[in-house]
Amino acid sequence: MPIRQFQAQRMHAPRDFQAIANQPVCVEIGAGKGKHALLFSGQNPEKQLIAVERTREKFLSMQKQHGLEGQQNLQPIHADALPWVVHALFPAQVEQFFILYPNPEPHNPAQRWLNMPFFEFLLSRLKTGGQITLASNIPDYIEEAHQQLIEVWKLPFVKEVIPADSARTHFEIKYLERGELCQQLIITKPEGCTTRFDDFQPLQGQTAAAAE
Ligand SMILES: C[S@@+](CC[C@H](N)C(=O)[O-])C[C@H]1O[C@@H](n2cnc3c(N)ncnc32)[C@H](O)[C@@H]1O
């Protein structure tokens, strides 16, 4: 893969980090107030979902609603997803990642998920046949990600228009009400796909210094 290598060993553990077991999980990144996380875990009781959100107020809102609804298979986490993924997840552990309406980063294209070296690390945590759903209301964001999938990551995907009556997340509802085109890429990790992180075990809360 031509992209610069992600420096996983430099990631410090998130504050109050707690390790997880090496069992199949789904992971939502940037879960916001948790609407999708609560819906998905309710509709898929056989799946375990971890919903990671960096912004405190949004995380607290998700946590509060989770307290009311009580899904046993949902674990909300307050953390930046990059260090959390590096410290918590095992290779090929994840069945599905959800990245729904990520920040568009208009002034910082290098911070968009498929432009980041971190994406290779994310791919290493996905099991063969596992999927990443990336949704956006910004056609250029989807188009750029589409190109990255072909030119850099060389992964199979499908592109879908999200139906006008879909209501998975707060942002999705807002954008569809405004009549905006919302699309998603569903990316699959194919058989035989390898990354430079396939043997990288989770740092499990060690500091970077201790891990080196
Ligand atoms: C535009 S909002 C979308 C929220 C939700 N997915 C929705 O569709 O309603 C993007 C969210 O991603 C979160 N976020 C951005 N970068 C993140 C990161 N590195 N780790 C965890 N959350 C992140 C932001 O705090 C924000 O809540």
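Attention in this report is confined to the structure presented alongside it. These numbers were taken from a predicted model, which means no experiment stands behind them.

## So, the nonpolar core
Okay, so step 1: Ranked by internal contacts, the top residues of the largest apolar core, which has 47 residues, are Trp84, Trp113 and Phe118.
Okay, so step 2: Beyond its immediate chain neighbours, meaning those up to four positions away, Trp113 contacts Ile29, Ala81, Leu82, Ile99, Pro102, Phe118, Phe119 and Tyr141.
Okay, so step 3: With 18 residues, the next largest nonpolar core counts Cys26, Phe40, Phe59 and Leu176 among its residues.

## Some remarks on the sheet that holds strand S7 (residues 183-188)
Okay, so step 1: Taken in spatial order, the seven strands line up as S3-S2-S1-S4-S5-S7-S6 in an open sheet, and their pairing is mixed. The sheet is open, and its two edges are formed by strand S3 (74-78) and strand S6 (157-161), each paired on a single side. Sheet twist, expressed as the average angle between the axes of neighbouring strands with direction ignored, equals 15°.
Okay, so step 2: In terms of strand pairing, strand S1 (residues 25-29) meets strand S2 (residues 49-53) through four bridges, oriented parallel.

## Topic: the packing of aromatic side chains
Okay, so step 1: Under the counting rule described, the total for this entry stands at twelve aromatic pairs.
Okay, so step 2: By the ring-pair criterion, three or more aromatic residues cluster together here, those being Phe6, Trp113, Phe118, Phe121, Phe197 and Phe200.

## A closer look at the pairing of strand S5 (residues 126-136)
Okay, so step 1: Bridge count for strand S4 (residues 94-100) against S5 is six bridges, and the pairing is parallel. Residue pairing for S5: Gln96 is matched across the bridge by Gln131.
Okay, so step 2: Pairing analysis gives six bridges linking S5 to S7, with the strands arranged antiparallel. Bridging from a neighbouring strand, Thr133 pairs with Ile186 of S7.

## What to know about helix H1 (residues 35-43)
Okay, so step 1: Turning to H1, its buried residues are His36, Ala37, Leu38, Phe40 and Ser41.
Okay, so step 2: In the core, the buried residues of H1 are packed alongside S1, S2, helix H2 (56-69), S3 and S4.

The rules behind each value
Each chain has its residues counted from 1, following the order in which its sequence is written. This being a predicted model, a pLDDT of at least 70 is required before a residue's local features are given, and a value of 80 or more before pairs of side-chain atoms are given or counted; all residues contribute to the totals for chains, interfaces and linings. Side-chain measures here rest on the full set of heavy atoms in the structure, leaving out hydrogens and waters. In plain words, nonpolar cores are sets of buried Ala, Val, Leu, Ile, Met, Phe, Trp, Tyr and Cys residues tied together by side-chain atoms within 4.5 Å. Only protein chains enter the accessibility calculation, which uses a 1.4 Å probe. A residue is then buried if its area is under 20% of the maximum for its type, exposed if over 50%, and partly exposed in between. We call two residues in contact when some of their heavy atoms are within 4.5 Å. Whether two strands pair depends on DSSP finding at least two bridges between them. Only DSSP runs of H or I reaching four residues or more are called helices, and only runs of E reaching two or more are called strands; each is numbered from the N terminus. With axes taken as lines fitted to C-alpha atoms, and helix axes fitted only over the stretch in contact, angles between N-to-C directions fall between 0 and 180 degrees. Note on ring pairs: Phe, Tyr and Trp rings are taken, using the six-membered ring of Trp, and paired if centres are within 6.5 Å. Classes follow the plane angle, with under 30 degrees stacked, over 60 edge-to-face and the rest tilted.

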